[in-house]
Amino acid sequence: MSIGNSPEDDRPSDHRPTDDRPTDRRPADERPAEDLPAAEIPAVEEPSIGRRLQQARIDSGQTVDEISASTRVRVPIVHAIEQDDFSRCGGDVYARGHIRTLARAVGIDPALLLAQYDKAHGGRPPAPTPAAPLFEAERIRSDPRRPNWTAAMVAAIVAVIGFVGFTAFSGGEEDTGGAKTQAEGASPATSKPATKPTPDKPADPKPDPSDSAIAGAPKDKVTVKVSAPDGRSWISAKDHNGRTLFDGVLEEGKSKTFTDKQKIDLVLGDAGAIALFVNGKAVENEFDPGQVERLTYTKGDPEVG
């Protein structure tokens, strides 16, 4: 009888080393990050556009009222944008314009915020002049009409008949007067020739009302001329009492002139397509295409009021 290990002793043991540490059954959001698996660590969210603008404004030491006064963006809209509520902006075009204006006022690169806005609202920025479709219903289109050739022919025939009749009548009076003078023994040289009608001189072209208004801008008033040489744009103009002088689309190549005793308030839907003349002086355009601008001019300008 041999003494040795039993075959049962050669079987692998079913006992495995166990972790004596207690199991942490708290939710993942309440457990320390070092105790969580990599897959359960929550991702850090990117700050929103409104949060970035608000924090930059606070860091720059400016209040909402000061930002509103320097950018011409109304206080309720500034509050709404800082809460990431862009519904009060009136559409993507105006929202992008307000974001760009506020970012510059607080010292942030507007391109980063605009890219973040485009990513969250459709991805692709709008066309440079999208304001026109919002006001398409306000534009009055004139239907093209063919020239009325019948009326033109009738007018021409009447003119020819009138000219022939006038010439014949003038010639008959001249012949009759000459015969009477010779019969009475008067010298034919004393008869006066019939006066011929002198053609009317063309009237001097009148200057364009907008140009004359700018050229003769009174000293005691503010005169603003808005033209659209590079494209169409929606504009709004109000006097110092808040009365609307114009609200609509200014077509390419057209211009409008506004005058008031104290000031003119403007809102330009596409400031990059607009040229301004204030009190007879041109204002340099430093705006980007599609940029929304709110401007005020007084009697002492052309600087922005």
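Let me begin by describing the structure that accompanies this report. Since the model is a prediction, treat every value here as computed from it, not as a measurement.

Considering the side chain of T296
Looking at the secondary structure, you find T296 in strand β8 (residues 293–298). Given the relative accessible area of 9%, T296 is considered buried. Side chain to side chain, T296 and D265 meet in a polar contact 2.7 Å long.

Topic: the packing of helix α2 (residues 64–71) against helix α3 (residues 75–82)
One way to put it is that α2 packs onto α3 with a least axis distance of 9 Å and a crossing angle of 115°. Relative to α3, the crossing made by α2 is right-handed. Between α2, through V64, D65 and S68, and α3, the contact on the second element is made entirely by V75, V78, H79 and E82. Broken down by class, the residue content of the contact of α2 with α3 amounts to three nonpolar, two polar and two charged.

Observations regarding a nonpolar patch on the surface
On the surface, a cluster of nonpolar side chains totalling about 310 Å² of accessible area is made up of V160, F163 and V164. Residue position: V160 is located in helix α7 (residues 149–183). When its relative accessible area of 53% is taken as the criterion, V160 is described as exposed.

With respect to the layout of surface pockets
Empty space among the atoms becomes apparent when a probe as large as a water molecule is rolled across them. Considering only enclosed or pocket space, the second largest pocket measures out at about 320 Å³ in volume. Lining the second largest pocket are 16 residues, and of these K238, D265, L266, V267 and R294 sit closest to its centre. For the lining of the second largest pocket, the secondary structure elements donating two or more residues are α2, β2 (233–238), β3 (244–250), β5 (263–268) and β8. Class assignment of the residues belonging to the lining of the second largest pocket gives a composition of six nonpolar, four polar and six charged.

With respect to the sheet that holds strand β1 (residues 222–227)
Sheets are built from strands paired through backbone hydrogen bonds, the pairs being either parallel or antiparallel. The four strands lie next to each other as β4-β1-β6-β7, forming an open sheet whose pairing is antiparallel. The open sheet is flanked by β4 (255–260) and β7 (281–283), the only strands paired with a single partner. Direction aside, the axes of adjacent strands within the sheet are offset by 25° on average.

What to know about the sheet that holds β5
The strand order across the open sheet formed by four strands is β3-β2-β5-β8, and the pairing between neighbours is antiparallel. The open sheet terminates on both sides in strands that have one partner only, identified here as β3 and β8. If you compare each strand with its neighbour and ignore which way they point, the axes differ by 15° on average. When β2 meets β3, the two strands line up antiparallel, connected through six bridges.

Comments concerning unusual backbone geometry
Phi angles above zero are rare outside glycine, and R72 is one such case at about 65°. With respect to the helices and strands, R72 occurs in the loop between α2 and α3. Since its relative accessible area comes to 32%, R72 is described here as partly exposed. The phi dihedral of D84 falls on the positive side, at around 60°, and the residue is not glycine. Examined against the element boundaries, D84 turns out to sit in the loop between α3 and α4 (92–106). Among the residues examined, D84 registers a relative accessible area of 32% and is labelled partly exposed.

Notes on the nonpolar core
Of all hydrophobic cores here, the largest spans 24 residues; its most connected members are I49, L53, I81, F86, C89 and I99. Where this core is concerned, the elements lending two or more residues are α1 (49–59), α2, α3, α4 and α5 (110–120). Apart from residues no more than four positions distant in its own chain, I49 is found in contact with D84, F86, I99, L113, Q116 and Y117. Core analysis: the second largest hydrophobic core is formed by 18 residues, V222, I235, F246 and I264 among them.

Describing the packing of aromatic side chains
Evaluation of the coordinates by the stated rule reveals three aromatic pairs. Over the aromatic face of F277 sits the side chain of K225, whose NZ or CZ is 5.5 Å from the ring centroid.

Observations regarding the pattern of salt bridges
All chains considered together, the criterion is met by six salt bridges. Its salt-bridge partner being R232, residue E251 comes within 3.8 Å of it at the nearest N-O pair. Separated by 19 residues along the polypeptide, E251 in the loop between β3 and β4 and R232 in the loop between β1 and β2 bring together distant segments of the chain. With a relative accessible area of 26%, E251 lands in the partly exposed category. By relative accessible area, R232 is classed as partly exposed at 24%. Linking D265 and K263 is a salt bridge whose minimum nitrogen-to-oxygen distance equals 3.8 Å. We classify D265 as partly exposed; its relative accessible area is 23%. K263 sits in the partly exposed class, given a relative accessible area of 30%.

Calculation notes
Residues numbered from 1 in each chain as written. Predicted model: local features only at pLDDT ≥ 70, side-chain atom pairs only at ≥ 80, totals over all residues. Heavy atoms only, no water. Helix = DSSP H or I, 4+ residues; strand = E, 2+ residues; numbered from the N terminus. Buried < 20%, exposed > 50% of the residue type's maximum accessible area, 1.4 Å probe, protein only. Polar contact = N/O pair within 3.5 Å; in protein donor to acceptor, adjacent residues only side chain to side chain. Axes fitted to C-alpha atoms, helices over the stretch in contact; angles between N-to-C directions. Left-handed = near helix turned anticlockwise from the far one by under 90°. Contact = heavy atoms within 4.5 Å. Nonpolar A, V, L, I, M, F, W, Y, C, P; charged D, E, K, R; others polar. Patch = residues over 30% accessible without salt bridge, like charges linked within 9 Å, V, L, I, M, F, W, Y side chains within 5 Å. Areas by Shrake-Rupley, 256 points an atom, 1.4 Å probe, with all protein chains shown as cover. Salt bridge = Lys/Arg side-chain N within 4 Å of Asp/Glu carboxyl O. 1 Å grid on protein atoms, 1.4 Å probe; cavity = no way out; pocket = protein on both sides within 12 Å on 5 of 7 lines; lining within 4 Å. Points joined across faces, edges and corners; volume = space filled by probe spheres on them. Pairing = 2+ DSSP bridges. Core = buried A, V, L, I, M, F, W, Y, C linked by side-chain atoms within 4.5 Å. Phe/Tyr/Trp six-rings, centres within 6.5 Å; stacked < 30°, edge-to-face > 60°. Lys NZ or Arg CZ within 6 Å of the ring centre and 35° of its normal.

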